[in-house]
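So the chains spell out like this:
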Amino acid sequence: GAVVSQHPSWVICKSGTSVKIECRSLDFQATTMFWYRQFPKQSLMLMATSNEGSKATYEQGVEKDKFLINHASLTLSTLTVTSAHPEDSSFYICSARDQGRETQYFGPGTRLLVL
Amino acid sequence: AQKVTQAQTEISVVEKEDVTLDCVYETRDTTYYLFWYKQPPSGELVFLIRRNSFDEQNEISGRYSWNFQKSTSSFNFTITASQVVDSAVYFCALSAYSSGSARQLTFGSGTQLTVLP
């Protein structure tokens, strides 16, 4: 299957700092990437859809000024959690859509802990 | 709107038993895709299968098999001779043309499978 990388895999930071997470599709071009958040023992919650060269589309209830998304190339999308607080602690997962195969492939996820 | 239901929250089996994970979906679209993903304890979602709405053939891949029945809107997943390494959360998901050009996925709530040695 296709490969999607995500870095970093673990982040521990102090409250008030900003954290950037990168998502890369390694063997295909992705005009569309997605960012999800997952709480323990729950399903994935879509946060936003990231489109290359245009603004991201955020789901209802997701603060776009809090979670900045940039999709500057066909293989890279970034999620920046600005002024992180303990309630932002979670597992963040990105995916990249392989248009030819009509399939989303997922990165390994980033565990964020805000102290 | 789309909906995916995985009624089994947790299943526990003993190694070598067969196990079936149920998935029922709702959509008004005639063209859609169904997926199964595996999420082991490490957290990464691993793609297992994609099936489009026009292809009702069942599929077998090693110990895995999938049964797609449009008449009952179900896409069930069977693991034959389960192994401890099969322990994971399994998600069923759907994307439809009415989801928009981005083809967002609608996920079920997941089934935690535990295979005991």
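Above this text you will find the structure in question.
Values in this document were obtained by computation on a predicted structure and should not be read as measured data. Here, residues in each chain are numbered from 1, in the same order as that chain's written sequence. Key to labels: chains lettered from A, ligands numbered from 1, both in the order written. For this predicted model, a pLDDT threshold of at least 70 governs which residues receive local features, and a threshold of 80 or more governs which side-chain atom pairs are given and counted, while totals over whole chains, interfaces and linings are taken from all residues. Calculated side-chain values reflect all of the structure's heavy atoms, with hydrogen atoms and water omitted.

1. Notes on the overall build of chain B
Regarding its fold elements, chain B presents zero helices and twelve strands. For the radius of gyration, the atoms used are the C-alpha atoms, and the globule rule reads 2.2 Å times the number of residues raised to 0.38. Here chain B has a C-alpha radius of gyration of 14 Å; the compact-globule value for 117 residues is 13 Å, and the two agree. Each of the three principal axes of chain B carries a C-alpha extent, and together these read 45 × 30 × 20 Å. To be clear on the numbers: accessible area is Shrake-Rupley with a 1.4 Å probe, and residue cover counts the displayed protein chains and nothing else. In the structure as shown, chain B presents an accessible area of about 5,600 Å², 48% of it carried by carbon and sulfur atoms. When charges are counted, Lys and Arg contribute as positive and Asp and Glu as negative, whereas His and the chain ends are disregarded. Here the site of a charge means NZ on Lys, CZ on Arg, CG on Asp, or CD on Glu. Treating the 9 positive side-chain charges of chain B as one cloud and the 12 negative ones as another, the clouds have centres 6 Å apart. Helix numbering and strand numbering both begin at the N terminus, where a helix is a DSSP run of H or I of at least 4 residues and a strand a DSSP run of E of at least 2.

2. Quick look at the interface of chain B and chain A
Taken together, the contact between chain B and chain A spans 20 residues of the former and 22 residues of the latter. Put simply, buried area is how much 1.4 Å-probe accessible surface two parts lose in total, over both of them, once they are put together. Across the chain B to chain A interface the summed buried area is about 1,600 Å²; carbon plus sulfur atoms make up 52%. Just to be clear on terms, a salt bridge is a Lys or Arg side-chain nitrogen sitting within 4 Å of an Asp or Glu carboxyl oxygen. At the boundary of chain B and chain A, one finds one salt bridge. A:E102 is the partner of B:R103 in a salt bridge, and the nearest nitrogen-oxygen pair spans 3.8 Å. Any pair of N or O atoms that falls within 3.5 Å is considered a polar contact. Within protein, one atom must be able to donate a hydrogen and the other to accept it, and sequence-neighbouring residues count only if both atoms are side-chain atoms. Counting the contacts that link chain B with chain A gives six residue pairs in polar contact (both at pLDDT 80 or more). In what follows, residue pairs with any heavy atoms lying within 4.5 Å of each other are defined as contacts.

3. Some details on the state of the cysteines
Two cysteine sulfurs form a disulfide in these notes if their separation is within 2.5 Å. Inspection of every chain in the model, using the stated rule, returns two disulfides over all chains. Bridging A:C23 to A:C94, the disulfide has an S-S length of 2.0 Å. As the torsion about the S-S bond is roughly 80 degrees, the A:C23-A:C94 disulfide counts as right-handed. Placement of A:C23 in strand β3 (residues 19-25) and of A:C94 in strand β9 (residues 90-98) is noted, with a sequence separation of 71 residues between them. Assigned by exposure class, A:C23 and A:C94 land together as buried. Between the sulfur atoms of B:C23 and its disulfide partner B:C92 the distance amounts to 1.9 Å. Taking the sign of the S-S torsion, about -65 degrees here, the bridge from B:C23 to B:C92 comes out left-handed. Taken as a pair, B:C23 in the loop between β3 (19-21) and β4 (24-26) and B:C92 in strand β10 (residues 88-96) lie far apart in primary sequence, 69 residues in all. Accessibility classification places B:C23 together with B:C92 in one group, the buried group. The structure places no disulfide on A:C13, whose sulfur is separated from the nearest cysteine sulfur, that of A:C94, by 18 Å. By relative accessible area, which is 10% here, A:C13 ends up buried. Partly exposed residues are those whose accessible area sits between 20% and 50% of the maximum for their type, while under 20% is buried and over 50% is exposed, using a 1.4 Å probe and protein chains only.

4. Observations concerning the environment of B:V115
Residues and elements named next belong to chain B. Positionally, V115 belongs in strand β12 (residues 111-116). C-alpha separation for the pair V115 and Y33, spaced 82 residues apart in sequence, amounts to 29 Å. Residues contacting V115, with those up to four places away along its chain left out, are V13, V14, E15, S82, Q83, V84, D86 and S87.

5. Side note on the pairing of strand β5 (residues 44-51) of chain A
Residue and element names in this part refer to chain A. For β5, the tally of buried residues reaches six of eight residues, placing the bulk of the element in the interior. In this analysis, strands are considered paired if DSSP registers two or more bridges between them. As defined by bridge partners, strand β4 (residues 32-38) adjoins β5 across seven bridges and the pair is classed as antiparallel. Counterpart to Y36 in the pairing with β5 is L46. Hairpin geometry of β4 and β5 is characterised by an intervening segment of five residues between the two adjacent antiparallel strands and by a positive phi of about 60 degrees at K41. Once β5 ends, the chain turns through five residues before running back antiparallel as strand β6 (residues 57-58), passing G53 with a positive phi of about 80 degrees.

6. Remarks on unusual backbone geometry
Backbone torsion omega between A:H7 and A:P8 reads -5 degrees, so that peptide bond is classified as cis. You can see A:P8 is positioned in the loop between β1 (4-7) and β2 (10-13). Positive phi, close to 45 degrees, is recorded for A:S83, a residue that is not glycine. For A:S83, the location among the structural elements is in the loop between β8 (76-81) and β9. With phi around 50 degrees, B:S73 is a residue other than glycine that occupies positive phi space. Inspection of the secondary structure puts B:S73 in the loop between β8 (64-69) and β9 (74-79).

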